[in-house]
Amino acid sequence: MGQGRGTRPLVLALLAGCIYVPPASFSSGSRWTFPLVDPLRDSKLIVPVTVDGRGPYLFALDPDAKQTTVDRDVITDNWGEPLKPTVDLANLVIGDLTVSELLGVAVADKNGKLDSDGRHIAGVIGRDVITDQLAFGFDRERGIAWLQRFDEFKPGAALPLKYDSQHGDRVVTAQIGGTPVTLAIELGDVASELRRARWDACKLAPRPMVGELVDHLGVRRDVTELGIASSVQAGPLRRDGLGFIDFEAASRSDGTLGLDFFRPFVVTLAEQHKTVYVTSRQASPDNDKARLNRWGTQMLDACKAKGCVTVDVRRVELDDGSERVQSTPRLVWLAGLTTGPSERFVFQATRDPAATGNDLQVVLDARGADGGELPRLEVDLPAGVDTAAAPADARYLDAALAVVDVSPFPRSCPGRAAGCVVREPSAAP
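Residues numbered from 1 in each chain as written. Predicted model: local features only at pLDDT ≥ 70, side-chain atom pairs only at ≥ 80, totals over all residues. Heavy atoms only, no water.

### What about the overall build of the protein chain?
Okay, step 1: Check the secondary structure of the protein chain and you find three helices and 32 strands.
Okay, step 2: By residue count, 48% of the 429 residues in the protein chain fall in the buried class.
Okay, step 3: For the protein chain, restricting intrachain contacts to residue pairs at least 6 apart in sequence, the fraction spanning at least 24 positions comes to 68%.
Okay, step 4: Surface exposure of the protein chain reaches about 20,400 Å², of which carbon and sulfur atoms provide 52%. (Helix = DSSP H or I, 4+ residues; strand = E, 2+ residues; numbered from the N terminus. Buried < 20%, exposed > 50% of the residue type's maximum accessible area, 1.4 Å probe, protein only. Contact = heavy atoms within 4.5 Å. Areas by Shrake-Rupley, 256 points an atom, 1.4 Å probe, with all protein chains shown as cover.)

Here it is as structure tokens:
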């Protein structure tokens, strides 16, 4: 009897060790970290990936996708044969994680099917890599996502949102406007969704919108309406004013909780506990430094300008509102002006010489002369493009601009412009 009591904890420990061991194809370690592309935009979780030395390609992380999917241009070694729906790829590198052995991935039926938010998305990393045996998390303030051995994950003081596994979904019972609903947690999609037939019962306030939804299979649909909830309560988490789009999927759930629900939080998905753990996002000097340095510091240290770009706001005088005093190739958007005020305001972005030859995206916070918050500015300068200009407005003339993110992955510019300065859209509710 005494021997049995002594061996049972050892047996349980060994079983637990077997459960939590990472796949043999993973590179050594117990925690693997991935730099996120454009984390402050609160869009999908995008990371650079190399495949057998090719790339980097941009992939979306989706712990709800059953299988990793790649665009057709990622597949090269098909010897002229028609591409099969599923192929084997080796040596996927995501941050400091290498998946060395062959991984069976699905192939999109056409290139560009996964593209979204002005970026070419070449693949989706699914549950065959973001395995349920590991904890998966992300912190937008630090600009990283990670996988971690579950036996080393410590939730600490994080708030737990518990869920049930139902037909492959992670389902929570929630309340929207005080009405009970069942919602599937979807960390691969931005928008939360609710069946249109439930909007009235949940007291959603409809408003028109223009948008497009692209899921992990590349299926697209136009979105023309957003329903604003007075409150959403899921476990210990409450969000007020969250927006929902119509939920059209064949599912037993009433809808989903997307990344927008989790926008204020650092998130860890722990399948072994059937729990999503969250803590509040914290803006801090340490997090700012970690985010800016996640790609390395060599180029940033070499630049005199923080973020390797300077942005000026200039006033351009016009002759009696009909003719331009200045005429430069960068200001061609002024060419059509024949009436209106006698001045215009211009954003002028210039690359630091130390960053010559590099793809560059820089995001800047902006505060007006009165201290009020203005929409962030985004500067996209592909390699070989050193300047960009765009219309501004008077609020930015004496604004304080602060670099909050730098990335080697610029977004495609509107109208196929070579480089651009754009005001980032406000986050949806």
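Following the structure, the description resumes.
### Re the sheet that holds strand 12 (residues 159-162)
Okay, step 1: Read from one edge to the other, the open sheet built from six strands follows the order 1-11-10-23-24-12, with strand pairing classed as antiparallel. Each edge of the open sheet is held by one strand with a lone partner, namely strand 1 (31-35) and strand 12. Recorded for the sheet is a direction-independent mean angle of 20 degrees between the axes of neighbouring strands. (Pairing = 2+ DSSP bridges. Axes fitted to C-alpha atoms, helices over the stretch in contact; angles between N-to-C directions.)

### Some details on the sheet that holds strand 32 (residues 420-423)
Whenever strands of a sheet pair, they do so through backbone hydrogen bonds, lying parallel or antiparallel.
Okay, step 1: Pairing is antiparallel in the open sheet, where four strands are placed in the order 31-28-29-32. Whereas interior strands pair on both sides, the edge strands pair on one side only; in this sheet they are strand 31 (400-407) and strand 32. Across the sheet, the mean angle separating the axes of adjacent strands is 25 degrees when strand polarity is ignored.
Okay, step 2: Bridging between strand 28 (residues 360-367) and strand 31 involves seven bridges; their strand directions are antiparallel. The residue bridging A366 from the neighbouring strand is L401, located in strand 31.

### Some thoughts on the nonpolar core
Okay, step 1: Grouped together as the largest cluster of nonpolar side chains are 60 residues, with contacts concentrated most on L61, I176 and F262.
Okay, step 2: Residues contacting F262, with those up to four places away along its chain left out, are L161, I185, L187, L237, R239, L257, V267, V276 and V278.
Okay, step 3: Residues C303, F347, L377 and V379 belong to the second largest nonpolar core, which totals 28 residues. (Core = buried A, V, L, I, M, F, W, Y, C linked by side-chain atoms within 4.5 Å.)

### Quick word on the side chain of S43
Okay, step 1: Structurally, S43 can be placed in the loop between strand 1 and strand 2 (46-51).
Okay, step 2: By relative accessible area, S43 is classed as buried at 13%.
Okay, step 3: With near-sequence residues (within four places) excluded, S43 lies in contact with D38, D117, R140, V190 and L259.

### Things to note about the layout of surface pockets
Okay, step 1: Size it by volume and the second largest pocket reaches roughly 700 Å³.
Okay, step 2: Lining the second largest pocket are 30 residues, and of these E186, D189, D215, H216 and L217 lie nearest its centre.
Okay, step 3: For the lining of the second largest pocket, the per-class residue count stands at eleven nonpolar, seven polar and twelve charged. (1 Å grid on protein atoms, 1.4 Å probe; cavity = no way out; pocket = protein on both sides within 12 Å on 5 of 7 lines; lining within 4 Å. Points joined across faces, edges and corners; volume = space filled by probe spheres on them. Nonpolar A, V, L, I, M, F, W, Y, C, P; charged D, E, K, R; others polar.)

### Considering the state of the cysteines
Okay, step 1: Under the counting rule described, the total for this entry stands at two disulfides.
Okay, step 2: The disulfide bridge from C413 ends at C420, spanning 2.2 Å between sulfur atoms. Between C413 and C420, the S-S dihedral sits near -80 degrees, and the bridge is therefore left-handed.
Okay, step 3: The class for C420 is buried, based on a relative accessible area of 7%. (Disulfide = S-S within 2.5 Å.)

Distances and angles like these do not, on their own, reveal function.
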